[in-house]
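As a plain string of letters, each chain reads:
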There are 2 protein chains.
Amino acid sequence: MSLNIAYYGVPGSFSEQALLDYFPNNVNPINNEKFEGVFKELEKDDVHYGVVPIENSSTGPVSEIYDLLNTYPYHIVGEVFVKVEHHLLATKDATLESIQEVYSHPQAFEQCRPFLDQYNWSIVPHFSTASSAEHVKNSNNPKIASISSKKAAELYGLQVLAPNINYNTTNTTRFIILGKSHKINSSCNKISVVFTTEHKAGALYSALKSFSEYNINMLKIESRPVVHTPWQYYFYIDFEGNLDNPSIKKAINSMENDCVYFKLLGNYKSATL
Amino acid sequence: MSLNIAYYGVPGSFSEQALLDYFPNNVNPINNEKFEGVFKELEKDDVHYGVVPIENSSTGPVSEIYDLLNTYPYHIVGEVFVKVEHHLLATKDATLESIQEVYSHPQAFEQCRPFLDQYNWSIVPHFSTASSAEHVKNSNNPKIASISSKKAAELYGLQVLAPNINYNTTNTTRFIILGKSHKINSSCNKISVVFTTEHKAGALYSALKSFSEYNINMLKIESRPVVHTPWQYYFYIDFEGNLDNPSIKKAINSMENDCVYFKLLGNYKSATL
């Protein structure tokens, strides 16, 4: 049986690449052009997993994904890193001199800022790096270019006008694998949780004290607004550990007691660069 | 003498409103359509302050501003809240039925998602809510609308086709006032810092221990990537206090000792809703 897996974006996107890296065999990828669309696909009985970007090493979190993780009942069951290499793509007859407008996702513009600053091109935000390539192909206009992946160049038959234009060569995006139930085994070494604390002096610090008490390595802390209560936050924390470890169990119990709201997002195997 | 003050966006933007709320008299506002442009304006001797958005109560931080605060040598000398009320604007002859495309800043689309979901309009990202209104005015096309402020409607002579379309009526944006030197007096009750820690178990927790020891109320924690070192972070923390208070001085000294890098961004008077 092949797995039906929803992913963000269009064919040729970095999310599709993440999906194929994580599930190399027997998969039926289902694309969706909205982050929330991937979560909605998971409501169908015959869709088994979802793949979405959560964080880029240069530009930071994909905030909407954090919000959706808290809203929907799905779990993080895995993660995968994809190295981001951006290229300037255009139709076969285009040259750097003919280009007047560049299409891409706003994060890609940020990642290629020093390259773009050399030119006087109009910068036009588009839904994704891959959809921008599709737009360039469909328009068949040598005045426009996109910032997209090499895979998108192949898929849409575009030429690479300028390769590797991202200023940071360590640039990597972290993708998460969404599942309908926790998949915890002995290889899982990373835990993600989300919580809110009371709005009083020291509340956040109290919630974090288990990490020090049990010598747990906190990997990341992210805050997102509680929408209808200005300047209150959900805290998303990633830390090292496996839920079968007694210290980890105690730390999580202690956090649950100290927080107004607490949710275990997942325990999974951390990816390596 | 009037103050020259740089702000983000175009006339009619929420940043201009924040500027005029904070400095009601004798100002010469200078607009810039890039976040970094406002910081660059401050390099001129005759530009005294800058005003930029840093956080929205529903959609979260303006990440680029956090990065710029760490890059440029300016200080946070004040903050101001502006209530965000979005309206659907169009030319005089437009109706809800004639609209096919809507222009606005991506954050405004997020803030008006339930309203937009009722229609089958194309969503076109633009630089700001105010520039979108200007675009609608210049195009003079009843098929297009913008999501912008009431002030933008007045400025560009557009009609309000649908008022107050943001789903969250508590929606507020926090703006910061940038200055060239710290302006600390007894009314200052909020401190902003940024630091990095060693990448080892408990390092972030150690850096935060002063808050508990000195009973200081941490208001906010934000993390931003260290660009060339994947999965390392700068932590931006806001907390209550005045730098003349001996406990606060001790807490800051302790943090400076525990961190690999530490920068005091400012001590200023917190705004109230």
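Everything quoted here is computed from the prediction, not taken from an experiment.

Conventions adopted
Residues numbered from 1 in each chain as written. Chains lettered and ligands numbered in written order. Predicted model: local features only at pLDDT ≥ 70, side-chain atom pairs only at ≥ 80, totals over all residues. Heavy atoms only, no water. Least-squares fit on C-alpha atoms with pLDDT ≥ 70 in both. Contact = heavy atoms within 4.5 Å. Helix = DSSP H or I, 4+ residues; strand = E, 2+ residues; numbered from the N terminus. Axes fitted to C-alpha atoms, helices over the stretch in contact; angles between N-to-C directions. Parallel < 35°, antiparallel > 145°, perpendicular 65-115°, else oblique. Nonpolar A, V, L, I, M, F, W, Y, C, P; charged D, E, K, R; others polar. Salt bridge = Lys/Arg side-chain N within 4 Å of Asp/Glu carboxyl O. Buried < 20%, exposed > 50% of the residue type's maximum accessible area, 1.4 Å probe, protein only.

Asker: Is there a simple way to explain the relation of the copies chain B and chain A in this structure?
Answerer: For these two chains of identical sequence, chain B goes onto chain A by a turn of 180° and a shift of 0.0 Å along the axis, with RMSD 0.0 Å. Overall, the copies show the geometry of a two-fold rotation axis. The fraction of interface residues of chain B whose copies in chain A are also interface residues reaches 100%, indicating that both copies meet through the same surface.

Asker: Just checking my understanding: could you explain the environment of G9 of chain A for this structure?
Answerer: Residue and element names in this part refer to chain A. Following the sequence through the fold, G9 ends up in the loop between β1 (3-8) and α1 (14-22). Each C-alpha atom, one on G9 and one on I30, is 9.6 Å from the other, the two residues being 21 residues apart in sequence. Excluding residues within four positions of it along the chain, G9 makes contact with N31, N32 and E33.

Asker: Just checking my understanding: could you explain the packing of helix α8 (residues 203-213) of chain B against helix α9 (residues 246-258) of chain B for this structure?
Answerer: Packed helices, taken two at a time, are described by the angle between their axes plus the distance between the axes. Residues and elements named next belong to chain B. Contact geometry of α8 with α9 gives a least axis separation of 9 Å together with a crossing angle of 175°. Put simply, α8 runs roughly antiparallel to α9. Judged by residue contacts, S206, A207, K209, S210 and F211 of α8 engage A251, S254, M255 and D258 from α9. Here the contact of α8 with α9 is built from residues that sort into four nonpolar, three polar and two charged.

Asker: Even after reading the chapter, I still don't get the pattern of salt bridges, so can you show me in this structure?
Answerer: Pairing between side chains of opposite charge can happen when their charged atoms approach one another. Using the criterion set out here, one finds 24 salt bridges over all chains in the structure. For R224 of chain A, the salt bridge is made with D67 of chain A, and the minimal N-O distance between the two is 2.9 Å. Here the residue R224 of chain A occupies a position in strand β13 (residues 218-225), and D67 of chain A occupies one in helix α3 (residues 63-71), the gap between them amounting to 157 residues. Its relative accessible area of 24% is what places D67 of chain A among the partly exposed residues. E222 of chain B serves as the salt-bridge partner of K220 of chain B, at 2.5 Å between the closest nitrogen and oxygen. Its relative accessible area of 4% is what places K220 of chain B among the buried residues. For E222 of chain B, a relative accessible area of 2% translates into the label buried. A cluster of three or more residues bridged by salt bridges with shared partners is formed by E55, E79, R174, K190, K220, E222 and D238 of chain A.

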